[in-house]
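The primary structure of each chain is shown beneath.
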Amino acid sequence: MIPRCLFNVLLLAGYISISVISNVKCEAVLKDTSQVVEDSLQKNRIPRHVTTSDSVHRQQSQFYYVPVQGPPGVPGLPGRTGAPGIAGVLGTSGYPGNNGNHGNEGIAGPPGPPGIKGPKGEIGVEGRCGISGLDGFPGVVGYRGEQGHVGPRGPTGPKGKPGDRGPVGPQGEDGTIGFPGKPGTQGPTGIRGTFTTTNGVNRQYRAFSVALNNNIVANDGDMVIIWEHEFSNIGGDFDMETGVFNVTVSGSYFFTFHVSKTSRQTYPHVQLVKNGENVVSAIDYGPNDSDDSSGNSVILTLRKGDVIWMVLHGERELSSNPYKFTTFSGFLIFPMPI
């Protein structure tokens, strides 16, 4: 801002310059106006004869200007501007104006340096238990675990077909009695006999029933069951030493067997075999129970010379005791001329 004293000086100098210019212009205008008036008076002069007392009989002719109203003059220039007046008394202060609007938000300055780490605060009050979150996404498939222990041996599968006969080896020591061989070819039919009875008993009746008195285990593979107790053996076709039933009368036969288990470590698995081929089986598998039993039955048409026996699979066990829980029975239903 310009100081007040300097402002007054500049203002006064401006007034003086304007006054000088105005005076010069005014004088020029007045000079022009006086010339116009003089020319007008010269045109309107009126001669008059005046006789004076100072000269007798002398006439003197003089000219008098008779005032005549001339044309209006040219308007004069404005007068000089007066000098500035004395400054007035300072007025009272006005009311403060309203607050201005807030300026626009400035540009954020650069971040300051990190402050000094403050002291560790006190442990806050334990908060309330939050609501359980949603189930997460399925996890990644884990690594394959280590190989587990070998489980118990499974049941033995059905007996395979016999292979090709190998070369005859050297004669070995006498072994245990093997399974009965297959029956030979049937011979010619004999002469039909007459039906006879002895003391009222049909000689063609065949029946047997046997049992075990003790537990047996097939430790060396499949084994023929040798029965220990004989309930009946009508016709004498059942051999207690070999456990084989020899068919001497052709016809229809019924066979049934029941086996028992008392161990959770192993279980019974038996087969009824005809001429070396499996016919029916029974198994009682259950690692979580004991004192259990199982069985099976069948009706077969047999020829004279056929053989029947029971086999216990390897590593399996039959349970029995003097109460005779494990039994094997069969009988001829009726003979048939086969």
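Procedures and definitions
Residues numbered from 1 in each chain as written. Predicted model: local features only at pLDDT ≥ 70, side-chain atom pairs only at ≥ 80, totals over all residues. Heavy atoms only, no water. Helix = DSSP H or I, 4+ residues; strand = E, 2+ residues; numbered from the N terminus. Buried < 20%, exposed > 50% of the residue type's maximum accessible area, 1.4 Å probe, protein only. Contact = heavy atoms within 4.5 Å. Areas by Shrake-Rupley, 256 points an atom, 1.4 Å probe, with all protein chains shown as cover. pLDDT = per-residue confidence, 0-100. Phe/Tyr/Trp six-rings, centres within 6.5 Å; stacked < 30°, edge-to-face > 60°. Pairing = 2+ DSSP bridges. Axes fitted to C-alpha atoms, helices over the stretch in contact; angles between N-to-C directions. Salt bridge = Lys/Arg side-chain N within 4 Å of Asp/Glu carboxyl O.

Engineer: An account of the overall build of the chain is needed here, citing residue identities and associated values.
Structural biologist: Counting its regular elements, the chain contains 1 helix and 17 strands. Burial analysis of the chain (338 residues in total) assigns 21% to the buried set. In the chain, once contacts between residues fewer than 6 apart in sequence are set aside, the share between residues at least 24 apart is 71%. As presented, the chain carries roughly 27,700 Å² of accessible surface, and 56% of it is formed by carbon and sulfur atoms.

Engineer: Please set out the confidence of the model for the chain residue by residue, giving values where relevant.
Structural biologist: Mean pLDDT over the chain: 77, with 70% of residues reaching 70 or higher. Taking the mean pLDDT of every element in the chain, the minimum, 42, falls on strand β3 (residues 197-198) and the maximum, 97, on strand β10 (residues 244-246). Contacts for the low-pLDDT stretch residues 45-65, under 50 throughout, to residues beyond four places or in other chains number 15 contacts. Within the model, the stretch residues 194-202 combines pLDDT values under 50 with 5 contacts to residues more than four positions away or in other chains.

Engineer: Describe the packing of aromatic side chains, naming the residues involved and giving the relevant values.
Structural biologist: One pass over the full model with this rule turns up 12 aromatic pairs. Here the aromatic rings of Tyr253 and Phe255 are separated by 6.1 Å at their centres, their planes lie at 15°, and the arrangement is stacked. You'll find Tyr253 and Phe255 in the same group, each marked buried. Here the aromatic cluster, defined as three or more aromatic residues joined through ring pairs, consists of Phe208, Trp227, Phe238, Phe245, Tyr253, Phe255 and Phe328.

Engineer: Please provide a residue-by-residue account of the sheet that holds strand β11 (residues 251-261), values included.
Structural biologist: In a beta sheet, neighbouring strands pair by backbone hydrogen bonds and run either parallel or antiparallel. Taken in spatial order, the 5 strands of this open sheet run β8-β5-β17-β11-β14, and their pairing is antiparallel. Two strands in the sheet have a free side with no partner beyond their single neighbour: β8 (229-234) and β14 (292-302). Taken over all neighbouring pairs, the strand axes of this sheet differ in orientation by 10° on average, direction set aside. Pairing analysis gives 8 bridges linking β11 to strand β17 (residues 327-335), with the strands arranged antiparallel. Note on β17: the bridge partner recorded for Gly251 is Pro335.

Engineer: A description of the side chain of Ser260 should follow, citing residues and the corresponding values.
Structural biologist: As for its placement among the helices and strands, Ser260 is situated in strand β11. Setting aside its immediate chain neighbours within four residues, Ser260 contacts Pro268, Asp292, Ser293, Leu318, Ser319, Phe325 and Thr326.

Engineer: Can you lay out the pattern of salt bridges for me, pointing to particular residues and giving the numbers?
Structural biologist: Following the criterion strictly, the structure yields 1 salt bridge and no others. Between Arg206 and Asp237 there is a salt bridge, and its shortest N-O distance comes to 2.9 Å. Highlighted residues: Arg206 in the loop between β4 (201-202) and β5 (207-211) and Asp237 in the loop between β8 and β9 (238-239), separated in sequence by 31 residues. The class for Asp237 is buried, based on a relative accessible area of 5%.

Engineer: Tell me about the pairing of β11, and please be specific about residues and values.
Structural biologist: Within β11, 9 of the 11 residues are buried, which leaves the element mostly enclosed by the surrounding structure. Here β11 runs beside β14; their pairing, made up of 11 bridges, is antiparallel. Paired with Thr256 across the bridge in β14 is Ser297.

Engineer: Describe unusual backbone geometry, naming the residues involved and giving the relevant values.
Structural biologist: With phi around 55°, Asn275 is a residue other than glycine that occupies positive phi space. With respect to the helices and strands, the residue Asn275 is situated in the loop between β12 (269-274) and β13 (277-283). At Lys324, a position not held by glycine, the phi torsion is positive, near 60°. By secondary structure assignment, the location of Lys324 is in the loop between β16 (317-318) and β17. On the accessibility criterion, Lys324 (24% relative accessible area) is partly exposed.

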